[in-house]
Every structure is written in C-alpha cells, then in structure tokens.
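# Summary of the model geometry
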Amino acid sequence: MYKLEEPIYFYLLAVIPAMIVVFLLVLWWKKRTQRKFSNTELLKRLAPNSSTFKSVLKLMMLSLGIAFLVISLVNPKMGSKLKTVKREGVDVVFALDVSKSMLAEDIAPNRLEKAKQIISKIIDKLGSDRVGIIIYAGNSYPLLPITTDHAAANMFLQNANPDMVSSQGTAINEALQLAKTYYNNDDQTNRFLVIISDGEDHEEETKQVAQNLFNDGVKIYTVGVGTERGGPIPMRLNGAMIGYKKDRQGETVITKRNAAVLEEIADIANGRYIDGNVTENPVKRMSEIIANAEKSEFETKQFADYKDQFQWFLGIGILFLLFDTFLFDKKTKWLKKVDLFNEEKTKN
C-alpha cells in the first residue's frame, strides 16, 4: 500500500519533454551548420572525439535525475504496518433544508449559507464522533454517508445547493426516513439528528414520522434560520440577479421562518429547538450536548501506518545528476582501445 503526499509536483515532469525538444532542435541546428562547412568524412577527421551518443546519454542521465528528484518532492509513502484503532463517540446526522426559500436574504448572507456555517462549525468542534449529511427539499438526498472524515464532510457541505435536489418543496418526512438508514450501529447509545431549516411548508404527518424516529432511539434537534418578518426569494441566472420569485398572481413571494413547526418536531423527539440566526448560539449549544453525551465504541478500523520514502528517490536522483556532471560529450579514449568485435584482426 502506498500514497502520494504532494502529487501536484508531478507537473514539474513537463520539464523533461521540453528539454528533449530543445536538445533535438540544437542537434538539428548543429548538423545543418556543420554541413555548410564540410562533408561527413572530413568532419570525422577534424573532430574524431565528437560523440552524439554521449550527448544523448548525458541527456538521459539529466532527465532521470530530474524525474527522481520530482518523485522525491511528491514524497511517496509506503504502508509499513497495520494498526487497529478503536473509536468512541456518537452519531450525528445533519438534515439541511436546500429549498428555494433558504435563499432568502433576511439574514446575511442568506439562510442557506448561514445553515452551512452552523453545520461546519459544529463539525469542527466534534471529536471522534461520526457525521452524516442529508439535504432535502421536494425530496431528500444523501449528500454524505456517515463517516469519521470531518474534512470530507465540510468539503461536501460547501457544494450543497437547491439545484442538487430534483424537485422543490419541503419533504422533511423523506429526510427523516432517510436518516434512519444512517444509524447502522444497533449498540450506539446516542444518536442525534440535527435539522436546519426555515420551517416553512412542512407536512402534517411530520410529527408522526418524528415520533417513530424517536422510538428508534434518535434525538432530534432543530435549528431555525430566517426571520418571522421574512424576505423575498432572489432568482439568479448564471450568478446574476434577475428578480424575485413571484406567485401566480404576479406578487412577490415573501418567505417567513416557521419556528413553531420546528419546536414541535424537537419536542416530540426529546430534543430542543435552537434559534440559528446568530451562528455561535446553535454551535455552542449543540457542541455541549454532544460533548456531554455518553460515548459508545462504534468502530474498529485497520489502517496502514505510512512512512516517508522520498529519501531513496532523492539519493538516486542525485546519483544520476553526478553521472551527468562527470560524463563528457566526447568519446572516451580507453573505450576506443577496446576491440569488442575483433575489428583489428579483421582488418589484418
């Protein structure tokens, strides 16, 4: 097993074909210039030690030296041993509302970006807890399966947007049903579902679905973003503002936060509703709740302990560069004396 720490340095290998092209152009120019002064036989007499092969050999040594130095910069790592890692923590699944109403700018920069900030900061404060992300609007979509890779969670989170969900609306029921599939450890004592939404347009049967989820051992916490005064939903084309969403009568749609619905869902599932308009408020409270929860051992994972191997490639690269430095363009005199094919005897 191996991995490359800095693969971006592979771009430096482009220097090698560039050198080869330059070498061939110079070689062609030399040959062309020499033909203007003399024929081939006379040139061999005037410069008997000239060697195209030695020039090619030097180029090969230089190219190999650069190639190995680049590989050392990439720093390949080889797996040397396996370790067994046991983790303790809780399962936290975030259900993020990405419906069009979340684009309202009644809180800066808008409801959706505020929700992303909250989730990202909560994730940053988690320890070895597992994280999963669901997005939903008219239907639900598993953005990230439950994982301990918090960096991946933040990366996937930043890409969440309304266009990722095929239909608009607020299908919180589907998000709750999907959340059930995330908790795959029957021995986990603490399971959390954090719903972040403006609470608008939730369906009546949501309460029953939330109750069923609570019966399965999941505590639901809800975070509301947006204001009761509300705001219009901006419409954009290629990033440019083209107006606000309008209803069938041509009136501008005003979307408002419905905190009552979110409070009801949280109460049913033994959780808590938190106002999310100030980022630090839900971040602090959820971090405390998760930190004080009873931890369970939920994963035994094997992974390779990687060790740096750059030094081998660095050494070989330097060796090739030394060969190139001490290798001359002219023919080697002592090699000229070696009669590999008994040519002298044949002449006699």
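Above this text sits the structure in question.
Residues numbered from 1 in each chain as written. Predicted model: local features only at pLDDT ≥ 70, side-chain atom pairs only at ≥ 80, totals over all residues. Heavy atoms only, no water.

### Considerations on helix H9 (residues 280-291)
Each α-helix turn comprises 3.6 residues. Residues three or four places apart therefore point the same way. Note the threshold: Labels follow the DSSP assignment, with helices taken as runs of H or I lasting at least four residues and strands as runs of E lasting at least two, numbered in each case from the N terminus. Helix span, as expected, comes to 1.5 Å for every residue beyond the first. Each residue is assigned to one of three classes by its accessible area relative to the maximum for its type, calculated with a 1.4 Å probe on protein chains only: buried under 20%, partly exposed between the two thresholds, exposed over 50%. The directions from the helix axis to the C-beta atoms form the arc being described. Should any heavy atoms of two residues lie within 4.5 Å, those residues are counted as being in contact.
Relative to the 16 Å expected for 12 residues at 1.5 Å per residue, H9 spans 16 Å between its end C-alpha atoms, a close match to the ideal helical length. Pro 282, Val 283, Met 286, Ser 287, Ile 289 and Ile 290 are the residues of H9 that are buried. For H9, the angular spread of buried residues about the axis comes to 165 degrees, placing them on one side. Exposed and oriented more than 90 degrees from the buried face of H9 are Lys 284 and Ala 291. Buried-residue contacts for H9 involve strand S3 (91-97), helix H4 (111-124), strand S6 (191-197), strand S7 (218-224) and strand S12 (273-275).

### Section: the pairing of strand S5 (residues 140-147)
Operational definition: Strand pairing is assigned whenever DSSP detects at least two bridges linking the two strands.
The pairing of strand S4 (residues 130-136) with S5 spans 5 bridges and is classified as antiparallel. Residue pairing for S5: Ile 133 is matched across the bridge by Leu 144. Hairpin connection between S4 and S5: a loop of 3 residues separates the two successive antiparallel strands.

### Concerning the nonpolar core
As a reminder, the rule being used: Each nonpolar core is a collection of buried residues, namely Ala, Val, Leu, Ile, Met, Phe, Trp, Tyr and Cys, held together in the definition by side-chain atoms within 4.5 Å.
Within the largest apolar cluster, 37 residues are counted, with the highest numbers of intra-cluster contacts made by Phe 94, Leu 96, Val 98, Ile 196 and Met 286. Elements represented by at least two residues in this core include exactly S3, H4, S4, S5, helix H5 (150-158), S6, S7 and H9. At 6 residues, the largest contribution of residues to this core is made by H4. Excluding residues that lie within four positions of it along the chain, Val 98 makes contacts with Leu 112, Ile 135, Tyr 136, Ala 137, Ala 160, Asn 161, Pro 162, Val 165 and Gln 168. With 21 residues, the next largest nonpolar core counts Val 93, Ala 95, Leu 176 and Leu 178 among its residues.

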